[in-house]
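A closer look at the structure
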Amino acid sequence: MDPKQITEQIQSFLNTCSGLEMQRDYVGISQLGQCARKIYFDFVYGIQADDQAHSMAYAGYLFERDVIGRLEKMKIYRHDSLRELIAPWDMRFKGHIDGETTWGDLLEVKSASVLKFQRIAATQAAPREHYVQVQIYMHYGGYKHAWIVYVCRETLQHVVLRVDYSPNMAVQLEERGKLILATIDRREPPVCECGRCRRTNGKPPR
């Protein structure tokens, strides 16, 4: 056994317990803010994940558990409040909330790189993907407010944002979910919205 072999074994083991779902039989609510074409291909062919993707997933869950543990001790997080939310119109559109505050609002935890964290702190606005996610969660969970706790992975600084429920926006986003599932049923990949997920031969690149 040499250092390189041990390093490879550590990464391999991490990949097995990263929490990254390679293949889903549903469209996750947390995905809805992504490019529709990417969502389509992730559903049909599965996620193309490398070591970095597994490491990032593991780190995300690691920070999430840490923040939730501290918030629970501070009487901000309601113990054992994680739950699944499923669209009433299609079982294939669902997600899992991180939990609730002790006063009954939605609570989500996100870890971020320094640059992303600084941008969030400066603008005091959630990235679109996170905004979309909590709007749908509030829509199906009956919440009026969502609290997003951001933690910087490098500095452990925190920023907390409150997002108010917008019924009109939530309905529009729900329609987006329906349209994406319709393209999946028809096996017709939607047009790329991000300019980065170029595909060839109808399949995602390997």
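Report follows, based on the coordinates. Keep in mind it's a predicted model, so treat the numbers as computed, not measured. Here the residue index of a chain counts from 1 through its sequence in written order. Local features in a predicted model are, by the rule used here, given only for residues with pLDDT of at least 70; side-chain atom pairs are given and counted only at 80 or more, and totals for whole chains, interfaces and linings are based on all residues. Only hydrogens and water are removed before side-chain values are computed, so all heavy atoms of the structure are retained for them.

Before going further, it helps to examine the overall build of the protein. Helix and strand counts for the protein stand at six helices and seven strands. Counting from the N terminus, the helices are DSSP H or I runs at least four residues long and the strands are E runs at least two residues long. Helices and strands appear in the protein in the N-to-C order α-β-α-α-β-β-β-β-α-α-β-β-α. Out of the 206 residues in the protein, the part that is buried amounts to 41%. Residue contacts are defined here by distance: any two heavy atoms, one from each residue, within 4.5 Å place the two residues in contact. Restricting to contacts in the protein with at least 6 residues of sequence separation, those with at least 24 account for 69%. Here the open area of atoms and residues is found with the Shrake-Rupley method and a 1.4 Å probe, where only the protein chains shown may cover a residue. When the accessible surface of the protein is totalled, it reaches about 11,700 Å², and 53% of it is carbon and sulfur. Note on charges: Lys and Arg go in the positive column, Asp and Glu in the negative column, and His and the chain ends are not counted at all. Lysine's charge is taken at NZ, arginine's at CZ, aspartate's at CG and glutamate's at CD. When the 28 basic and 25 acidic side-chain charges of the protein are each reduced to a single mean position, those positions are 4 Å apart. Relative accessibility under 20% of the residue-type maximum defines a buried residue, over 50% an exposed one, and the middle range a partly exposed one, all with a 1.4 Å probe and only protein chains included.

What follows covers the packing of aromatic side chains. Any two aromatic rings considered together are summarised by their centre-to-centre distance and by the angle between their planes. Aromatic contacts are taken between Phe, Tyr and Trp rings whose centres are within 6.5 Å, Trp giving its six-membered ring; a plane angle under 30 degrees counts as stacked, one over 60 as edge-to-face, and the others as tilted. Throughout the structure, instances matching the rule amount to five aromatic pairs. Arranged with centres 5.7 Å apart and planes meeting at 15°, the rings of Phe41 and Tyr45 form a pair that is stacked. You can see Phe41 and its partner Tyr45 sitting in helix H2 (residues 36–45), four residues apart, about one turn around the helix. Residue class for Phe41 comes out buried when judged on its relative accessible area of 0%. A relative accessible area of 28% places Tyr45 in the partly exposed class. Residues Trp103 and Trp147 carry aromatic rings whose centres are separated by 5.8 Å and whose planes lie at 90° to one another, so their mutual orientation is edge-to-face. Of the two residues, Trp103 is situated in the loop between strand S4 (99–100) and strand S5 (106–112) and Trp147 in strand S6 (residues 145–152); the sequence distance between them amounts to 44 residues. Given a relative accessible area of 24%, Trp147 falls into the partly exposed group. Chaining the aromatic ring pairs together yields one cluster made of Tyr40, Phe41 and Tyr45. Put simply, a charge is over a ring when the Lys NZ or the Arg CZ is close to the ring centre, within 6 Å, and near the line of the ring normal, within 35 degrees. The ring of Tyr26 has Lys94 lying over it, and the distance from NZ or CZ to the ring centre is 4.8 Å. Positioned above the aromatic ring of Trp89, the side-chain terminus of Lys178 is 5.3 Å from the ring centre.

All right, on to unusual backbone geometry then. The phi dihedral of Gln124 is positive, around 55°, even though this residue is not glycine. Within the secondary structure, Gln124 sits in the loop between helix H4 (114–123) and helix H5 (128–141).

Once that is clear, we can look at the sheet that holds S6. The mixed open sheet is built from four strands, whose spatial order is S4-S5-S6-S7. Strands with a single pairing partner mark the edges of an open sheet, and in this sheet they are S4 and strand S7 (158–164). In the sheet, S4 pairs with S5 via two bridges, with the strands oriented antiparallel. Looking at S5, one finds that Glu100 is bridged to Leu106. Fitted lines through C-alpha atoms serve as axes, helices being fitted only where they are in contact, and the angles separating the N-to-C directions of these axes extend from 0 to 180 degrees. Packed on one face of the sheet, helix H3 (residues 51–73) meets S5, S6 and S7 and runs near 135° to S5. Paired strands are those between which DSSP finds at least two bridges.

Let us now look at the pattern of salt bridges. Between Lys or Arg on one side and Asp or Glu on the other, a salt bridge is scored when a side-chain nitrogen of the former is within 4 Å of a carboxyl oxygen of the latter. Inspection of every chain in the model, using the stated rule, returns twelve salt bridges. Across the salt bridge formed by Arg83 and Glu100, the nearest N and O atoms sit 3.8 Å from each other. Here the residue Arg83 occupies a position in strand S2 (residues 83–86), and Glu100 occupies one in strand S4, the gap between them amounting to 17 residues. When its relative accessible area of 32% is taken as the criterion, Arg83 is described as partly exposed. Among the residues examined, Glu100 registers a relative accessible area of 11% and is labelled buried. Here the residues in one salt-bridge network are Arg78, Arg83 and Glu100, joined through shared partners.

In plain words, nonpolar cores are sets of buried Ala, Val, Leu, Ile, Met, Phe, Trp, Tyr and Cys residues tied together by side-chain atoms within 4.5 Å. Phe93, Leu106 and Met138 are the most contacted members of the largest nonpolar core, which totals 36 residues. Looking at this core, the elements with two or more residues in it are H2, strand S3 (93–97), S5, H4, H5, S6, S7 and helix H6 (167–186). Core analysis: the second largest hydrophobic core is formed by nine residues, Phe63, Leu71, Leu107 and Val149 among them.

Function-wise, these values are silent; they only describe arrangement.
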